[in-house]
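# Secondary and tertiary structure notes
Listed below, chain by chain, are the residues.
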Amino acid sequence: IDASVMPDVVASMTDMSMIATGSVDGLYSSHNLEHLYPHEVLVAAKEFVRILSPEGMALITLPDLEQVARSIVEHGLEVPLFHAGQNSVAALDILYGFRPAMALGNTYMAHRMGFTANTLAKYLVQAGFCQVDVQPDGAWNLWAVGYKRKPDPETERMVRRTVFRSKRQTVVFVPG
């Protein structure tokens, strides 16, 4: 955790024991899971499910390796894909972590895991989410909503209109 941003809770995604079970209605994880080792992803996702209230949901975004792979085939590893402030971001940065930040000693920016829509959905379902919707945004990211309980139709419509902008089909898993 970067202490300079003064977070309210200092913890690891793999151990959020200081947060009571079922005490959170919504969880937003922006570009966090890719920083975990593969064996830690399920542990963190289970923690997400544990802290959510029965009607809770998680919004997760992270790099989409399928989009990145297409870019690598078409343009190579180091062609700038977009800019973040003064820096260019290439496929290499999306795969392994933002090199300018890591060069400054921010090694927590290293990526240890990668996801496609299917792999992300499988982890979230395995963790215990009742329903998972995942879509690429067309700009190098996946967006996922995991529901602890099947949402009512109006909530689901509102979330899809608000979160998902891509024309590609949503991946939905609803276990037995």
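Residues numbered from 1 in each chain as written. Predicted model: local features only at pLDDT ≥ 70, side-chain atom pairs only at ≥ 80, totals over all residues. Heavy atoms only, no water.

### Some thoughts on the overall build of the protein chain
To be explicit about the condition: The secondary structure listing takes helices from DSSP runs of H or I that are at least 4 residues long and strands from runs of E that are at least 2 residues long, numbered from the N terminus. Here the radius of gyration uses the C-alpha set of atoms, whereas the globule reference equals 2.2 Å times the residue count to the power 0.38. Any pair of residues with heavy atoms lying within 4.5 Å of one another is described as a contacting pair. To be clear on the numbers: accessible area is Shrake-Rupley with a 1.4 Å probe, and residue cover counts the displayed protein chains and nothing else. Positive charges come from Lys and Arg alone, negative charges from Asp and Glu alone, with His and the N- and C-terminal ends not counted. Charge positions are represented by NZ for Lys, CZ for Arg, CG for Asp and CD for Glu.
Per the secondary structure count, the protein chain includes 6 helices and 7 strands. Overall, the protein chain shows an N-to-C arrangement of helices and strands of β-α-β-α-β-β-α-α-α-β-β-α-β. Rg of the C-alpha trace for the protein chain: 17 Å, near the compact-globule value of 16 Å for 176 residues, within the 12% margin. Projecting the C-alpha coordinates of the protein chain onto the three principal axes gives extents of approximately 45 × 40 × 25 Å. Expressed as a percentage of contacts within the protein chain between residues at least 6 apart in sequence, the contacts between residues at least 24 apart total 63%. Summed over all atoms, the accessible surface of the protein chain reaches about 9700 Å², with 58% contributed by carbon and sulfur. Treating the 15 positive side-chain charges of the protein chain as one cloud and the 18 negative ones as another, the clouds have centres 7 Å apart.

### A few points about helix H2 (residues 65–75)
Note the following rule: Summary of the burial criterion: residues with accessible area below 20% of their type's maximum are buried, those above 50% are exposed, and those between are partly exposed, where the area comes from a 1.4 Å probe applied to protein chains only. Directions from the helix axis toward the C-beta atoms define the arc. What qualifies as a polar contact is a pair of N or O atoms within 3.5 Å, subject to a donor-acceptor requirement within protein and to the restriction that residues adjacent in sequence count only when both atoms come from side chains.
Taken together, the buried positions of H2 are occupied by Gln67, Val68 and Ser71. Seen end-on, H2 carries its buried residues on one side only, within an arc spanning 95°. Looking at the packing, one finds that the buried side of H2 touches strand S3 (80–84), helix H3 (91–96), strand S5 (131–136) and strand S6 (141–147). Backbone nitrogen of Glu66 and a side-chain oxygen of the N-cap are separated by 3.0 Å at the start of H2; the cap is Asp64. Looking one or two places after H2, you find Gly76, whose phi comes out positive at around 95°.

### A short note on the pairing of strand S1 (residues 24–30)
We count it as follows: Strand pairing is defined by DSSP finding a minimum of two bridges between the two strands.
Pairing geometry for S1 and strand S2 (residues 52–63), over 6 bridges, is parallel. Among the inter-strand pairings, Gly26 is bridged to a residue of S2, identified as Met57.

### What about the nonpolar core?
Operational definition: Buried Ala, Val, Leu, Ile, Met, Phe, Trp, Tyr and Cys residues that are joined via side-chain atoms within 4.5 Å together make up what is termed a nonpolar core.
Judged by nonpolar contacts, the single largest core of 30 residues is most densely connected at Leu33, Phe115 and Leu120. Broken down by secondary-structure element, the contributors of at least two residues to this core are helix H1 (38–51), S2, helix H5 (117–127), S5 and S6. With 7 residues, the top contributor of residues to this core is H1. Filtering out sequence-adjacent residues up to four positions away, Phe115 remains in contact with Leu33, Glu34, Val41, Leu62, Pro63, Asp64, Leu65, Glu66, Leu120, Tyr123 and Leu142.

### Looking at the layout of surface pockets
Operational definition: In this analysis, the protein atoms alone were mapped onto a 1 Å grid. Cavities are point sets where a 1.4 Å probe fits without being able to get out; pockets are open sets with protein on both sides within 12 Å along at least five of seven lines; lining residues have an atom within 4 Å of a point. Grid points are joined across faces, edges and corners, and a volume is the space filled by probe spheres set on the points. Three residue categories are used. Nonpolar comprises Ala, Val, Leu, Ile, Met, Phe, Trp, Tyr, Cys and Pro, charged comprises Asp, Glu, Lys and Arg, and polar comprises the others, including Gly.
Approximately 240 Å³ is the volume found for the second largest pocket. Lining the second largest pocket are 15 residues, and of these His31, Phe82, Val89, Phe98 and His111 sit closest to its centre. When residues of the lining of the second largest pocket are traced back to their parent elements, those giving at least two are S3 and H3. Grouping the amino acids of the lining of the second largest pocket by side-chain chemistry returns 8 nonpolar, 5 polar and 2 charged.

### Brief notes about the confidence of the model for the protein chain
Heads up, the rule is: pLDDT is a residue-level measure of predictor confidence that goes from 0 to 100.
Summary statistics for the protein chain give a mean pLDDT of 90 and a share of 91% for residues scoring 70 or more. At the low end of the mean pLDDT range in the protein chain sits strand S7 (residues 171–173), at 58; at the high end sits H1, at 98.

### Quick look at the side chain of Thr61
With respect to the helices and strands, the residue Thr61 is situated in strand S2. Within polar-contact distance, the side chain of Thr61 engages the backbone oxygen of Leu142 at 3.0 Å. The residues contacting Thr61, other than those within four sequence positions of it, are Tyr28, Ser29, Ser30, His31, Asn32, Asn141, Leu142 and Trp143.

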